[in-house]
Amino acid sequence: MVERKVVTRFAPSPTGFMHVGGVRTALYAWLWARKNGGTFILRIEDTDKDREVAGSIDHIKECLKWLELDWDEGPDKGGPHLPYVQSERLELYKRYAQILINKGLAYPDPYTSDQLDEFREQAELAGKPFLYREHRPAYLSGEGKNREKWDETKPLRFRTPEIKETKWNDLVYGELSAGPEALDDFILIKSDGYPTYNFAHIVDDIEMGVTHVMRGQEFISSTPKFLAVYEALEVLPPLFATLPPILAPDGKKKLGKRDGAKDLLEYRKEGYLPEAMINFLALLGWNPGTDQEIFRKEELVNSFKLEQVQRSGARLDEKKLDWINKEHLKTKPEKELEVLILERLPKEIRNPKLVPLILERISKFSDIDTMVKEKELEFFFVRPKIDRQKLSFKGTTAEETKENLRKAISALSAVQDFKKEEIKSVLMQVAEGLDGRGKLLHPVRFALSGLERSPDPFIIAEILGKDETLSRLKEVVK
């Protein structure tokens, strides 16, 4: 038996912004295609025109481009299955619908919405689920041939050929099954001429040769219907991989917009690296089987296995994302980091000397915005006003503090190479001679920054330079 080339797809609906759940699906499909030398397709499923949001298609493409999840076929790229937007493929769906009509497995729905509502009410009063197949029009009895021609003004329904228990294998969840109640006569094409998701995605997956379909748990209940259509069309279905839900930060429910499901591009705006975002998303539901947590994209491609995708939900933990991002920052070339950090600073304080200090204190680039807003960097450019009450260390008198600062001035005056390592060396020698390092280091830090909490005094002194450091210390001693 010849194995088919792996073909995966990401098929979002343009109904608003993309959040981590959708993007993780795209990532897993992309990883599986790349790992197997296969094809990754981007397809836009825009048949629900009532829910479509203007600009969403461009937004979807922008999200994938930011993460560098390149598609082999799709919008802007082309391919052998053009077009890749469902609203431009309507004739194809009608052609497949006609195949089912000819088999007696599709028929026009004769009922009005009011009549259907009445059927639902009857089922509710009887305490049982509503099943459309229990209200099939009478003309479908007998040989079961469709005696009413579909003129496209009424919805076209699938006639489930056999009501039975359905069993299938899921690459993540294993053997799954559903009883006969999972099968019903669902709508294939609506009265507006657009196909439903339940039909269109099957036709497209068949036409595009998709071998692996990855999607969320919410589609498990509909899988028996999908399999019935594949069987009716006499087509081998693709392999299904159900992905675990992404949970809200509290870990108790599925992540929703109210629980912090942000637009993916908000993470870009907040200054996360795309490679860190991919690393984080990959670990939301996939266990590599090792202790490794930091992955480059190439390592993810090599390591990713569908059998290692977990069944239990994965909690969205942005603290973990911050840690992963900081680890990826450490791998960036110094010059590249300098450019990225300096461009985030206001022009008046773009000093390359600040880069190491900032890098030490941030997890993502938007942390720089916070530092600027909180004026944590202002003291480098404007001499701070010193609160004398806060200058002395615990239990130290003003005279002791003044004497200790004089010792610091003397020691620093002798430093030739005014770098933090040398600065630290001489100040620590002085501090070790006192009955507590804080009696020296606290007033030096405070005299230079005016802040009780700030970077260590050694790096502050190096950035300020020898002259400014000594000048500030002498001013405070006065």
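Here's what I pulled together on the structure shown here. Because the structure is a prediction, the values reported are computed rather than measured. (Residues numbered from 1 in each chain as written. Predicted model: local features only at pLDDT ≥ 70, side-chain atom pairs only at ≥ 80, totals over all residues. Heavy atoms only, no water.)

With antiparallel pairing, three strands are arranged side by side in an open sheet as β3-β4-β7. Edge positions in the open sheet fall to β3 (106-108) and β7 (187-189), since each of these has one partner strand only. Neighbour-to-neighbour, the strand axes of this sheet turn through a mean angle of 40 degrees, independent of strand direction. With two bridges joining them, strand β4 (residues 156-158) and β7 adopt antiparallel strand pairing. Across the sheet, Leu-156 pairs through a bridge with Ile-189, a residue of β7. (Pairing = 2+ DSSP bridges. Helix = DSSP H or I, 4+ residues; strand = E, 2+ residues; numbered from the N terminus. Axes fitted to C-alpha atoms, helices over the stretch in contact; angles between N-to-C directions.)

This paragraph deals with the packing of aromatic side chains. Following the criterion strictly, the structure yields twelve aromatic pairs and no others. On the basis of an interplanar angle of 75 degrees and a centroid distance of 6.3 Å, the ring pair of Tyr-197 and Phe-226 is categorised as edge-to-face. Of the two residues, Tyr-197 sits in helix α5 (residues 197-207) while Phe-226 sits in helix α6 (residues 223-233), which places them 29 residues apart along the sequence. Among the residues examined, Phe-226 registers a relative accessible area of 0% and is labelled buried. Taken together, the aromatic side chains of Tyr-28, Trp-32, Trp-286, Phe-295 and Phe-304 make up a single cluster linked through ring pairs. Over the aromatic face of Tyr-132 sits the side chain of Arg-157, whose NZ or CZ is 3.5 Å from the ring centroid. (Phe/Tyr/Trp six-rings, centres within 6.5 Å; stacked < 30°, edge-to-face > 60°. Buried < 20%, exposed > 50% of the residue type's maximum accessible area, 1.4 Å probe, protein only. Lys NZ or Arg CZ within 6 Å of the ring centre and 35° of its normal.)

Time to look at a negative patch on the surface. The grouping of Asp-114, Glu-118, Glu-121 and Glu-124 at the surface amounts to a negative patch. Its place among the elements puts Asp-114 in helix α4 (residues 113-125). (Patch = residues over 30% accessible without salt bridge, like charges linked within 9 Å, V, L, I, M, F, W, Y side chains within 5 Å. Areas by Shrake-Rupley, 256 points an atom, 1.4 Å probe, with all protein chains shown as cover. Salt bridge = Lys/Arg side-chain N within 4 Å of Asp/Glu carboxyl O. Lys, Arg positive; Asp, Glu negative; His and termini not counted. Charge placed at Lys NZ, Arg CZ, Asp CG, Glu CD.)

Attention now goes to the layout of surface pockets. Unoccupied space between atoms shows up once a probe the size of one water molecule is rolled over them. Size it by volume and the largest pocket reaches roughly 1100 Å³. Lining the largest pocket we find 38 residues, and of these Ser-13, His-19, Gly-22, Glu-218 and Phe-219 sit closest to its centre. Among the elements of the structure, β1 (7-10), α1 (20-35) and β8 (212-216) are those that each provide at least two residues to the lining of the largest pocket. Looking at the lining of the largest pocket, the element that brings in the most residues is α1, giving four residues. In terms of residue class, the lining of the largest pocket is made up of 15 nonpolar, eleven polar and twelve charged. (1 Å grid on protein atoms, 1.4 Å probe; cavity = no way out; pocket = protein on both sides within 12 Å on 5 of 7 lines; lining within 4 Å. Points joined across faces, edges and corners; volume = space filled by probe spheres on them. Nonpolar A, V, L, I, M, F, W, Y, C, P; charged D, E, K, R; others polar.)

Glancing now at the pairing of strand β2 (residues 39-42). Neither face of β2 is left uncovered, since the one carrying Thr-39 and Ile-41 and the one carrying Phe-40 and Leu-42 both have all their residues buried. With four bridges connecting them, β1 and β2 associate as parallel partners. The residue of β2 that forms the bridge with Val-7 is Thr-39. After leaving β1, the chain enters α1 and then returns to the sheet as β2, a path that is right-handed. (Right-handed = clockwise from strand over helix to strand, strands pointing away.)

The final tally for this structure, using the stated rule, is one cavity of 30 Å³ or more. Elements with a contribution of two residues or more to the lining of the largest cavity: β5 (166-170), β8 and β9 (239-243). Class assignment for the residues of the lining of the largest cavity results in seven nonpolar, three polar and two charged.

What follows covers the pattern of salt bridges. Scanning the entire structure with this criterion turns up 46 salt bridges. For Arg-89, the salt bridge identified is with Asp-204, shortest N-O distance 2.8 Å. Taken together, the positions of Arg-89 in the loop between α2 (56-66) and α3 (90-102) and Asp-204 in helix α5 put the pair 115 residues apart, joining distant regions of the chain. Beyond isolated ion pairs, a larger network of salt bridges with shared partners links Arg-9, Arg-43, Glu-45, Arg-89, Asp-204 and Asp-205.

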